[in-house]
Every structure is written in C-alpha cells, then in structure tokens.
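Below, each chain spelled out in residue letters.
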Amino acid sequence: MSDSANAGELIALALKRAGVSHLFTLNGGHIWSILVGAQEHGLRIIDVRHEQAAAFAAEGWAKVTRQCGVAAVTAGPGVTNSTSALAQAQSGDSPMFVVAGRAPVARWGMGSLQEMDHVQVVQSLAKKALTLGSAEEAYSTTADCVRTALSRRTGPVFMDVPLDVLFGAADVPEATEHLTPDLGPLPDPDEVKKIARLVREADRPAVIAGASVWWAHAEDDVKRLIEGARLPLNVNGMARGVLPSGHPLFFPRARAKALGEADLILVIGAQLDFRLNWGQPPVFASEAKLVYLDVDDFRKHRPAEAALYGDLRASVAALATAASGIPERTRWLAHLSESEAAARARDAAMTQSDSSPVHPARLVAEVDRYADPDAIFVGDGGDFVSFAGRLIERPKPGLWVDPGPFGCLGSGTAYAMAAKLAHPQRQVILLAGDGALGFSMMEFDTMARHRIPVVCVVGNNGIWALEKHPMLNMLGLSVAADLAPRTRYDKVVEALGGYGEMVDRPDQIRPALDRAFASGVPACINVICDPEAEYPRSSVLM
C-alpha cells in the first residue's frame, strides 16, 4: 500500500490490525473497495448466498472465538437482511461489527440505488450505529467500532459508508495503537467482603451463571469460586461447560430445587429474562437474597442484597479468593444430588428408545456419544434443539452454540461454518430441526465452495414441533404447523456439492456419522424422527 489509500482499504487495514482474520460478505457494488482492501491485506473472504448468513457467521465467529466477528454488506437490502443477526447479537451480547455500503452523499435524497437511512433502522439493535463522515476518519472510526463491540457489555456495532466517501483517499496511519477494550471498573473490596460474608452465612446457596461469564473470559474464575466455596452451580447460554458433566457441584437437572429452595442466589453474568422467570417464583425462591456479579445492572429486576458491576472477571476472581475454604453444606448438596439423579433416570427412558421413526432424544444421545470431547455443537431449531440442550453437556465453555434468548431460526448453518473456520481441526456438528434448516440450506453451497466440512444432523419430524404440540395442548387444534413428511434434505445437500444420506432407525445413526465425517465435504444426515415425541416442557415460551 502507498502512503495514501481509499476509505475501503483503510477500513480493511484497521480490521487487520485489530486482529480480524475473516470477513463474511455478499458482493455488492457499494462495498467493492472494502472487498478489494480485504483481499490486499490478507483477510479471508467468505462470500455467502444471503446477507443474513454473512451477519450470522460474523456473530458465530464471535461466539466461538470471543473476538469481534465482521460482516460487510451492500446498501439497502444488504442491511435489512442483516438485521435479524444484529438483533440476535444484541440479545446475546455477541461482539460483532457490520459495515455496510450507503448511497452517495452528493446525491442523498434524490433516489439513488438502494438509498436508505440505515442508521435510523438499526440504531435500536446495536451498541453504536453511525455513518462514516470522511475517508480521513475511516481507519480510526473502524478501530473504535471494534473496540466498542468488545468493551463492557459486548455487542454489535454498525457503520455504513457512503459510496463517495468510500472512494475518497486519506493517509495511511502508522500501526502504533494497541486495541484495548474497556472492561469496566474493578471491584469494590468492601462489597467483595460483604458478598463473601453472605456466602459464608447462607445455608442453601446457589449459583446461576450466564453468558457474560464467557464474554469476560471468567470461566476459570467461576470454577474456582464454585469449588472453593462449595456452591451448587447452574448455567445458561454461553456459560455451558464451566463445570463438566458429573462434577459434584453441577446440577443442571436440579435447577428447580437449587434456585427454587435457595436462601442465597449468586447471579453471575446472567440476565433475569424469561429463561429464569424474570427472577420470580417459582424459579427463584421468593425469600432468597440475591447477589449480582455482572458488567452492569442490565435486566436485574429484583433488588439485590449486594452487587459487583464492572470488570466481571476481576470481580469473580476477588470473590473466589475471599470466599474460599467454606465447609460443604452436606445436607443441601445431598438433597440436590438426589433430585439430579432422579431427573437423569427419567431422561434415560427417552435416550434409550429403539423406536422407528427415531425418538429425537435417542438421536441426540447417539450423536453426543459419537462426538469428540472438543467437538463444537451448534443448535438450530425448536423442540429438537430443546432435547439437545437438555441432554448434551460439554466439558468446557465454547463448545455449544445456539441462537440464545432471541431464538432466531436459520442461524445454525452460518454459526457452524464460522465455528469450523475458527477451529478447522475439530468436529463441528450442526443439530438442526427440519423447520430451521429450511431458512438457510443454500449455505451448504457456501460451505462446499469454501471447503468447510460441517456435518449437519437433521431431526426431521415433518412439523413445527415447538408450535404444533403446544397449540394442540392449549387450543385443541394446530394451524400452519405441518411440513412435508420425509423431505429429502440430504438430496439437497448432495446437489449442492456435499454428502447426504437418510436414516430412520437408531442403529443407522453411528455408521452414517462415520461416512459423513469421512466424506471430507459438508454433509447432511437426515434422520426421520417421531412427530409424536413431545419435548417435556414445563412452560410455554412466550
């Protein structure tokens, strides 16, 4: 590069120097100079079939690497196609950066191709949304956008660039600044002591850890707190894997008792949203004292006995030291262990079913037993992924990825390709419901072209199960809840350059997985599942 460059090249250079290695995109004239700059600076360009997939892949990259994922999309529909991913990233705190083209300033308001004020549309979905004002600001503003995405409560950032600004030139800055995110204030030592005292005095303490633990790189500190203070743990979101399956302080099946009977609940990096009944009974005990540790007080609806807001990793580390050495509450842990064992015994009946069509729980259990310890699972669906989320437990965080609380179907293929690009030596297994897969099947073409050998296992029951079963239970009928039975999704993947086969008996699952992974190409194992097998849900998700 010469001593000056156009804004597109400067954006690409700033991304490169910020540690970005992959750019997810779909070609459009409004972003050509960004794509050329990305190629010149060695960013790997992954071009997809729909801008939604580009943005979801950027979010998926963030979820598996904890780096800022980046997508470049063209103006107008390129941006509107990206908004679901921005909303999902905001809901799940995923640090991502969407840079978009924009109609030229010189003709603004005259009706240029795909002219649209994107910022007004997306500003409620992003931590920051702006229009780049000049080529001179391109490098510094891009770097600041990445920093913003990674700071405090991480999340999505959006910037669009008018076409005439994009081709304007400016000097190339020296690489002198190190990108350092703002993690928030360090913990107050007095508040740490107060929380440690509350933990020591509690008879029935419990911990619920959520996604902020993952984003803050605090999983090892949470583990040290749990083991040092002998606290029972439950997790949601990206905190899955803080403790491995079978750990004596991990109670995923006894969550109702752990949180519903606790006298003290430590809420660490988790939001009190619908997944936790907004912190209200019966999920949280009405008399329990609450303690919050998080980057901020977002969605902390119940009053707290004490709280640490700011640098979450530093807060958990300080509390782990202050609360270490607490004797085990033997009766409390035994009570939770009994409930945990009973729930697992009930699950066993589903996972051992030999029925044909296949029970979705048996399918999930077979895939779980097949997978490597460091395999990355991606969930995309309704009831099928509810079974998977219940039954699959990973030994470390970052090995389970799903849409999170926003619940946007169709994100899975993009998440899976991002996971495989980030970790090419690992197995990446996409568990997709047949409904969810229909949103994004053309991305198997993307994976075939870019040689991204993800293996997709489809739970194909021919219905929208998350809607059909509750509608029947509540209304006595179902409307618009059926799909075609036995659709050959495997043949679609074959036609796009991948490997596919259909399975309808449990004993066929493992051999099919062997062949899929051996193929070395994107693969689809299309498993015909029982449409009558209903997930044992205790509440309707509304």
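Position numbers for residues start from 1 in each chain and track the written sequence from start to end. Per-residue local features of the predicted model are confined to residues with pLDDT of at least 70, and side-chain atom pairs are confined, for both listing and counting, to 80 or more; whole-chain, interface and lining totals are unaffected and use all residues. The basis for the side-chain values is all heavy atoms of the structure; hydrogens and waters are excluded.

J.: Help me understand the environment of R197 in this model?
T.: By the criteria applied, helices consist of DSSP H or I runs no shorter than four residues and strands consist of E runs no shorter than two, each listed in order from the N terminus. Mapped onto the fold, R197 is located in helix α9 (residues 189-201). Residues R197 and D160 lie 37 residues apart in sequence; the distance between their C-alpha atoms is 50 Å.

J.: What am I meant to see in the side chain of R240 here?
T.: Tracing the backbone shows R240 in the loop between β10 (233-235) and α12 (255-260). Each residue's exposure class comes from its accessible area (1.4 Å probe, protein chains only) as a fraction of the maximum for that residue type: buried when under 20%, exposed when over 50%, partly exposed otherwise. His residues and chain termini do not enter the charge count, which takes Lys and Arg as positive and Asp and Glu as negative. Between Lys or Arg on one side and Asp or Glu on the other, a salt bridge is scored when a side-chain nitrogen of the former is within 4 Å of a carboxyl oxygen of the latter. Salt bridges are absent for the buried R240, whose nearest opposite-charge side chain, D402, sits at 5.5 Å. A distance of 3.1 Å separates a polar side-chain atom of R240 from the backbone oxygen of G389. Identification of polar contacts relies on pairs of N or O atoms within 3.5 Å, with a donor-acceptor requirement for protein atoms, meaning one able to donate a hydrogen and the other able to accept it, and with residues adjacent in sequence counted only if both atoms are side-chain atoms.

J.: How do you make sense of the packing of aromatic side chains when you look at a structure like this?
T.: The description of an aromatic ring pair rests on the distance of the ring centres and on the angle between the ring planes. The aromatic pairing rule takes the rings of Phe, Tyr and Trp, using the six-membered ring of Trp, and pairs them if the centres are within 6.5 Å, calling planes under 30 degrees apart stacked, those over 60 edge-to-face and the rest tilted. Tallied over the full model, the rule gives 5 aromatic pairs. The interplanar angle of 85 degrees and the centroid separation of 5.0 Å between the aromatic rings of F387 and Y535 together place this pair among those described as edge-to-face. Taken together, the positions of F387 in helix α16 (residues 383-391) and Y535 in the segment after β19 (523-528) put the pair 148 residues apart, joining distant regions of the chain. Ring geometry for F439 versus W464: centroids 6.4 Å apart, planes at 90 degrees, classification edge-to-face. Remark: W464 occurs in the loop between β17 (455-460) and α20 (465-475) and F439 occurs in the loop between α18 (434-437) and α19 (443-449); sequence separation between them is 25 residues. In this structure W464 comes out as partly exposed when scored by relative accessible area, which is 24%. The lysine or arginine in question, R240, covers the ring of W400, its NZ or CZ lying 4.5 Å from the ring centre. Only lysine NZ and arginine CZ atoms are considered, and such an atom sits over a ring when it is within 6 Å of the ring centre and within 35 degrees of the ring normal.

J.: How do you make sense of the nonpolar core when you look at a structure like this?
T.: Across soluble globular proteins, nonpolar side chains show a tendency to be buried alongside one another. The criterion is simple. A nonpolar core is a set of buried Ala, Val, Leu, Ile, Met, Phe, Trp, Tyr and Cys residues joined through side-chain atoms within 4.5 Å. Counting 57 residues, the largest nonpolar core has L225, L233, I265, L266, I268 and F284 as its most contacted members. Look past the residues within four positions of I268 in its chain and what remains in contact with it is V207, I208, A209, G210, V213, V222, L225, L293, L312 and V316. Grouped together as the second largest cluster of nonpolar side chains are 52 residues, A54, A87, I376 and A414 included. Every residue pair with non-hydrogen atoms within 4.5 Å of one another is taken to be in contact.

J.: How do you make sense of empty space enclosed by the protein when you look at a structure like this?
T.: Remark: the empty space left among the atoms is shown by a probe the size of a water molecule rolled over them. Using a 1 Å grid laid over the protein atoms alone, points where a 1.4 Å probe fits but cannot get out form a cavity; open sets with protein on both sides within 12 Å along at least 5 of 7 lines form a pocket; any residue with an atom within 4 Å of a point counts as lining. Grid points are joined across faces, edges and corners, and a volume is the space filled by probe spheres set on the points. Taken as a whole and assessed by the stated rule, the structure comprises 1 cavity of 30 Å³ or more. Within this model, the largest cavity holds a volume of roughly 160 Å³. Breaking the lining of the largest cavity down by element, the ones donating at least two residues are α5 (83-92) and α10 (211-215). Residue type decides the class: Asp, Glu, Lys and Arg count as charged, Ala, Val, Leu, Ile, Met, Phe, Trp, Tyr, Cys and Pro as nonpolar, and the leftover types, Gly among them, as polar. Per-class residue counts for the lining of the largest cavity are 5 nonpolar, 9 polar and 5 charged.

J.: How do you make sense of the layout of surface pockets when you look at a structure like this?
T.: Reported here for the second largest pocket is a volume of approximately 350 Å³. Here the residues of the lining of the second largest pocket sort into 8 nonpolar, 5 polar and 7 charged.

J.: Explanation requested: the sheet that holds strand β18 (residues 499-503) in the structure shown.
T.: Neighbouring strands of a sheet are bound in pairs by backbone hydrogen bonds; such pairs are parallel or else antiparallel. Any two strands between which DSSP finds at least two bridges are classified as paired. With respect to topology, 6 strands assemble into an open sheet ordered β15-β14-β16-β17-β19-β18, the strand pairing being parallel. Here the strands that pair on one side only, and so sit at the sheet edges, are β15 (400-401) and β18. Contacting β16 (428-433), β17, β18 and β19, helix α22 (residues 509-519) runs over the sheet at an angle of about 175 degrees to β18. For every element, the axis is a line fit to its C-alpha atoms; helices are fit only across the contacting stretch, and the angle between N-to-C directions ranges from 0 to 180 degrees.

J.: Just to check I follow, could you spell out the pattern of salt bridges for this structure?
T.: Pairing is possible between side chains of opposite charge, provided their charged atoms come close. The final tally for this structure, using the stated rule, is 35 salt bridges. For D117, the salt bridge goes to R102, with nearest N and O atoms at 3.5 Å. Pair noted here: D117 is in the loop between β5 (96-102) and α6 (118-122) and R102 is in strand β5, with a separation of 15 residues, a long-range link. A relative accessible area of 32% means that D117 is categorised as partly exposed. Look at R102 and you get buried, because its relative accessible area is 10%. Here R426 makes a salt bridge to D374, at a shortest N to O gap of 3.9 Å. Of this pair, R426 sits in the loop between α17 (412-422) and β16 while D374 sits in the loop between α15 (360-370) and β14 (376-380); the two residues are 52 residues apart in sequence, bridging distant segments of the chain. Residue R426 is classed as partly exposed on the basis of its relative accessible area, which comes to 21%. Accessibility expressed as a relative area gives 33% for D374, which makes it partly exposed.

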